[in-house]
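A structural walkthrough
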Amino acid sequence: MSRPAGATDPAALAVIIPARDEAEGLRRLIPEVRAAVDGLRRRCEVIVVDDGSRDATAVVVAEAAACPGPAVRLVRTPPRGQSAAMAAGLAATAAPLVA
C-alpha cells in the first residue's frame, strides 16, 4: 500500500505529558524532555494533552512546537482527569513506544 503524499513515518517514541493548568511547569519540562529524546537518534514526539486548562498551557505548547527539535503536539480534551488524558495521548500517536 502506498503512503499519501506528504505522509511521514510515525515517531519511534512518543512522550505523553498530561497537563491541566501547567503552563509554567511546561516551560521548563518540554525543553528538558526534548533534550533527552534528541540524543536517541530516532524520530520522537512530545504530546501534551491539555486536560481542560484555564491558563496558558496551549500557548506554551504552541511556542514549543514552533522551535526546532523533536516534534511537540497539543491534544485538547475536556477536563476528565489524568487517566483520560493519558488515553487521549495514546490515541493520538502511532509510535510503538510510549513514555
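To keep things clear, this report deals only with the structure shown in the data block. It should be emphasised that the depicted structure is a prediction, and the values quoted were computed from it without experimental measurement.

Along the polypeptide, Ser53 turns up in the loop between strand S2 (44–51) and helix H2 (57–65). Under the relative-accessibility criterion, Ser53 is labelled buried at 14%. Only 2.7 Å separates the side chain of Ser53 from the backbone nitrogen of Asp21, close enough to count as a polar contact. Within the structure, Ser53 has its side chain in polar contact with the side chain of Asp50 (distance 2.7 Å). Apart from the residues within four sequence positions on either side, Ser53 is in contact with Ala19, Arg20 and Asp21.

All buried positions along H2 are accounted for by Thr57, Ala58, Val60, Val61 and Ala64. Angular distribution of buried residues about the axis of H2 spans 160°; they occupy a single face of the element. Buried residues belonging to H2 abut strand S1 (13–19), helix H1 (23–38), S2 and strand S3 (71–77).

If you walk through the whole model with that rule in mind, you get 5 salt bridges. Residues Glu63 and Arg27 are paired through a salt bridge, measuring 3.3 Å at the closest nitrogen-oxygen approach. Of this pair, Glu63 sits in helix H2 while Arg27 sits in helix H1, and the two are 36 residues apart along the sequence. A relative accessible area of 42% places Glu63 in the partly exposed class. A relative accessible area of 38% means that Arg27 is categorised as partly exposed. With its nearest N and O atoms 3.0 Å apart, the salt bridge here joins Glu45 to Arg73. Residue Glu45 is located in strand S2, and its partner Arg73 is located in strand S3; the two are separated by 28 residues in the primary sequence.

Here is what the cut-offs are and how they apply
- Residues numbered from 1 in each chain as written.
- Predicted model: local features only at pLDDT ≥ 70, side-chain atom pairs only at ≥ 80, totals over all residues.
- Heavy atoms only, no water.
- Helix = DSSP H or I, 4+ residues; strand = E, 2+ residues; numbered from the N terminus.
- Buried < 20%, exposed > 50% of the residue type's maximum accessible area, 1.4 Å probe, protein only.
- Polar contact = N/O pair within 3.5 Å; in protein donor to acceptor, adjacent residues only side chain to side chain.
- Contact = heavy atoms within 4.5 Å.
- Arc of directions from axis to C-beta.
- Salt bridge = Lys/Arg side-chain N within 4 Å of Asp/Glu carboxyl O.

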